[in-house]
Structure formats: structure tokens, C-alpha cells
Amino acid sequence: MKFGIVGDDSVATAVRAAGASVESEPADADAVVAVGESALSTVALGSEWACPVVPVDCGAPWATPRRDLEARLSAFAAGDGRVVDHPTLSLRVRGDAVGRALLDAMLVTSEPAHISEYGVAHAEAAVPFSSDPPDESRAAARWTSVDEFRADGVVVATPLGSSGYARAAGGAVVGPAAGLAVVPVSPYATQTNSWVLQPPVRLSVERDDAPVSLVADDEVIREVSPSESVVVDRDGSVPMLVE
């Protein structure tokens, strides 16, 4: 079996110890080992690698710890593994594509110690994750309000990212086909809710006491004003090779 490597070439030792070879050409690799969240996002959201991904040290339940990589790759080379599709997300503002995300997207106040008011809505007839490619007719979806709240922000996490920041904020860890975890960040209330919703999901700034930024996988995309909303939708998936 031939593995490509992205993120840390030192794992080539584990690849070879597992009886596999290191392949530098994406078109010739059977799978790619992505070390760290940054490398995983690069592979998942890029077009270079079309093969399944082995996530390593990415902080997700499905990732392989580096210490277990040799044993895991040996098992994969022997045919003991399965491919699970994890969704990727598109982000649109006023109908225009502004970014993509593998782990999560968030609206958050740009200045510390400030809160704003946010709204969450979902489409009345959302298409489940099993729809691939996504149904483009959802651009004209009718929206149903889920909640409005005052908070530092709101995060929408994919199943892969649901064990990260969204979980720390009080959200659920969800399986690959379960939906998106939607969680208020530091809400200004004694009792709050979080949700698991099928895409698309619409986030809005109902009132801004300070500038609000749209963030995707830790990258600030742009500021969002109260006159704008962000539609978070599935735009594809990345195959991941897991136990």
C-alpha cells in the first residue's frame, strides 16, 4: 500500500515500518496521512489528493494518535479498515460563497468582553447528509427560526469538528451522518440550549454591540453586519480511512 504524507514527513518512518511505501505523487497514493488539523484541512478542502485520508493527531475521536500510527497502517495495509465520509461545509453571505470549513464555522464578536445578539434558523425541508451532491434548490429554502440569544458568538461544527471547540462550549459530539452541532458561545443567560440540525443552517446577527466576525476553521473570513446572514451548508465530503 502506498501512502502520501502531509504535515510532518517524520511519520514516513512509521509508514515504512508498517510495510508500506511513501508516495510523493497524489495520483499514485492509495491514501494520504494528514498530521495535525492544519494538514487535515489542507487535504480535505483541496483538490490535490483524491484518495482517502488517515487523520493523525487531529483531536477528533476518529483520528489516529501518532504512537499508534505504525500498527494502524499495518492493519490498513492488510485490508482491515473502512472508509467513512465526513462532510465539508460551504459558507455564503448574501448568496455569495465566502469560504469553506472542515471542522467548524463561527460568528463571534471581534472584540473581547463584548456580546451581541444572534439568531439560528434551519430550512423547513433540509436535505440530509446522505444527499450527494447537495441539492442546489436549497438556496431558496424557507427558513424556520430555532432561537435568538445574546452571547459572545455561535458555532456550527461538522461531525469531525464537534469534539473540539463546540464540545468545549457545551455541544454534542455527533456521528458522521447525524447533522451539525450548533452551540451558543458564552451565552448571556442562566439556561441555554444547543442543537443538532441538518444543513442548511442560517446564522444571523440580530444586534451588534461590537463588530462580529465570521471564522472558518480558525481563519477569520470577514465581518458580518446585522443586515447580513450566513448560510452554512454541506458542499461535499472527504473520505477518511478509520478502524
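Refer to the structure presented above.
This write-up is about the structure you can find in this document. (Residues numbered from 1 in each chain as written. Predicted model: local features only at pLDDT ≥ 70, side-chain atom pairs only at ≥ 80, totals over all residues. Heavy atoms only, no water.)

Comments concerning the environment of V232
Inference 1: Mapping V232 onto the fold places it in strand 15 (residues 229-242).
Inference 2: For V232, a relative accessible area of 0% gives the class buried.
Inference 3: C-alpha of V232 to C-alpha of S90: the two residues are 142 residues apart in sequence and 5.8 Å apart in space.
Inference 4: Excluding residues within four positions of it along the chain, V232 makes contact with L89, S90, L91, V156, L180, P199, P200, V201 and L203. (Helix = DSSP H or I, 4+ residues; strand = E, 2+ residues; numbered from the N terminus. Buried < 20%, exposed > 50% of the residue type's maximum accessible area, 1.4 Å probe, protein only. Contact = heavy atoms within 4.5 Å.)

Some thoughts on the packing of aromatic side chains
Inference 1: For the structure shown, the criterion picks out 2 aromatic pairs.
Inference 2: Seen in terms of ring centroids, Y118 and F149 are 6.4 Å apart; in terms of plane orientation they differ by 40°. Their pairing is tilted. Here Y118, found in strand 8 (residues 116-123), pairs with F149, found in strand 9 (residues 143-157); they are 31 residues apart in sequence, far enough to count as distant.
Inference 3: A residue is classified by how much of its surface remains accessible, and Y118, at 0% relative accessible area, is buried.
Inference 4: Aromatic side chains F149 and W195 sit 6.1 Å apart centroid to centroid with 25° between the ring planes, which places their arrangement in the stacked category. With F149 in strand 9 and W195 in strand 11 (residues 195-197), this residue pair connects regions lying 46 residues apart in the sequence. Judged on exposure class, the residue F149 and its partner W195 are both buried.
Inference 5: Joined through ring pairs, the aromatic side chains of Y118, F149 and W195 make up one cluster. (Phe/Tyr/Trp six-rings, centres within 6.5 Å; stacked < 30°, edge-to-face > 60°.)

Thoughts on helix 3 (residues 69-77)
Inference 1: All of the buried residues along helix 3 are L69, R72, L73 and F76. Buried residues of helix 3 fall within an arc of 95° about the axis and therefore sit on the same side.
Inference 2: Looking at the buried positions of helix 3, the neighbouring elements they touch are strand 1 (2-6), helix 1 (12-17), strand 3 (31-35), strand 4 (53-56) and strand 15.
Inference 3: Of the residues flanking the end of helix 3, it is G79, one or two places downstream, whose phi is positive at about 90°. (Arc of directions from axis to C-beta.)

Overview of the state of the cysteines
Inference 1: Evaluated as defined, the whole model comprises 0 disulfides.
Inference 2: The thiol sulfur of C58 is not disulfide-bonded, and the nearest other cysteine sulfur, from C51, lies at 15 Å. (Disulfide = S-S within 2.5 Å.)

As for the environment of P226
Inference 1: Position of P226 relative to the elements: it lies in the loop between strand 14 (219-224) and strand 15.
Inference 2: Among the residues examined, P226 registers a relative accessible area of 40% and is labelled partly exposed.
Inference 3: Expressed as a C-alpha distance, the spacing of P226 and R207, which sit 19 residues apart in the sequence, is 6.0 Å.

Let's talk about the pairing of strand 14
Inference 1: With 5 bridges joining them, strand 13 (residues 212-216) and strand 14 adopt antiparallel strand pairing. Pairing of S213 across the sheet is with E223, part of strand 14.
Inference 2: Counted along the chain from strand 13 to the antiparallel partner strand 14, the turn is 2 residues long, and its residue D217 has a positive phi close to 50°. (Pairing = 2+ DSSP bridges.)

Comments concerning the pattern of salt bridges
Inference 1: In this structure the tally under the stated criterion is 7 salt bridges.
Inference 2: A salt bridge links D57 to R66; its shortest N-O distance comes to 3.4 Å.
Inference 3: According to the relative accessible area criterion, D57 is partly exposed, its value standing at 38%.
Inference 4: Residue R66 is classed as partly exposed on the basis of its relative accessible area, which comes to 35%.
Inference 5: Taking the shortest distance from any N to any O, the salt bridge between E228 and R94 comes out at 3.3 Å. Linking E228 in the loop between strand 14 and strand 15 with R94 in the loop between strand 5 (82-93) and strand 6 (96-101), this pair joins segments that are 134 residues apart in sequence.
Inference 6: When salt bridges that share partners are traced, they join D8, D57 and R66 into one network. (Salt bridge = Lys/Arg side-chain N within 4 Å of Asp/Glu carboxyl O.)

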